[in-house]
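Analysis of the macromolecular model
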Amino acid sequence: MSGFEHFARDAIELEREILKRGILLGLDWADAAAMRQLAREALDGGAEHTTALLHDPDPQHKARGELFAFAVLMLRTMTESAETGLHTHGGPAWKAFGRALIEESRRGPFSG
């Protein structure tokens, strides 16, 4: 296991950053409909939308872009962890948003 501890540490740090953005955006992680709407925005907009949000001077838009970017990093961390045979997971905020991303991605095509 030595050498792979960074997956858990990365997931904890990403969860913390996701939570911070959720606070800035006033998100209710228990509101499944709101999580799905946010997930749909992330999926429909894709990387170009996230990049535009990250460069937006409005702090709310920038926080959305950061949330979407942290979600990509969390997915990457979990994928890389799984490829090494380890199970890494985020906390409650990530689970709420991640679940919505999965549900929305199963709904059908998105433009991003």
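Scope of this entry: the structure provided in the associated data block.

Definitions and limits used
- Residues numbered from 1 in each chain as written.
- Predicted model: local features only at pLDDT ≥ 70, side-chain atom pairs only at ≥ 80, totals over all residues.
- Heavy atoms only, no water.
- Core = buried A, V, L, I, M, F, W, Y, C linked by side-chain atoms within 4.5 Å.
- Buried < 20%, exposed > 50% of the residue type's maximum accessible area, 1.4 Å probe, protein only.
- Helix = DSSP H or I, 4+ residues; strand = E, 2+ residues; numbered from the N terminus.
- Contact = heavy atoms within 4.5 Å.
- Polar contact = N/O pair within 3.5 Å; in protein donor to acceptor, adjacent residues only side chain to side chain.

Section: the nonpolar core
One finds Ile 18, Trp 29, Leu 67, Phe 68, Trp 94, Phe 97 and Leu 101 to be the most contacted residues of the largest nonpolar core, which totals 23 residues. Of all the secondary-structure elements, those providing two or more residues to this core are helix 1 (6–25), helix 2 (32–54), helix 3 (59–83) and helix 4 (92–107). When residues no more than four places from it in sequence are discounted, the contact partners of Trp 94 are Glu 15, Ile 18, Ala 71, Met 74, Leu 75, Met 78, Arg 99 and Leu 101.

Quick look at the side chain of Thr 77
If you trace the backbone, Thr 77 turns up in helix 3. Not counting chain neighbours up to four residues away, the residues in contact with Thr 77 comprise Phe 7, Asp 10, Ala 11 and Leu 14.

Focus on the side chain of Glu 17
Mapped onto the elements, Glu 17 comes out in helix 1. Residue classification places Glu 17 among the buried positions, given a relative accessible area of 16%. Reaching out from Glu 17, the side chain makes a polar contact with the side chain of Arg 21 at a distance of 2.7 Å.

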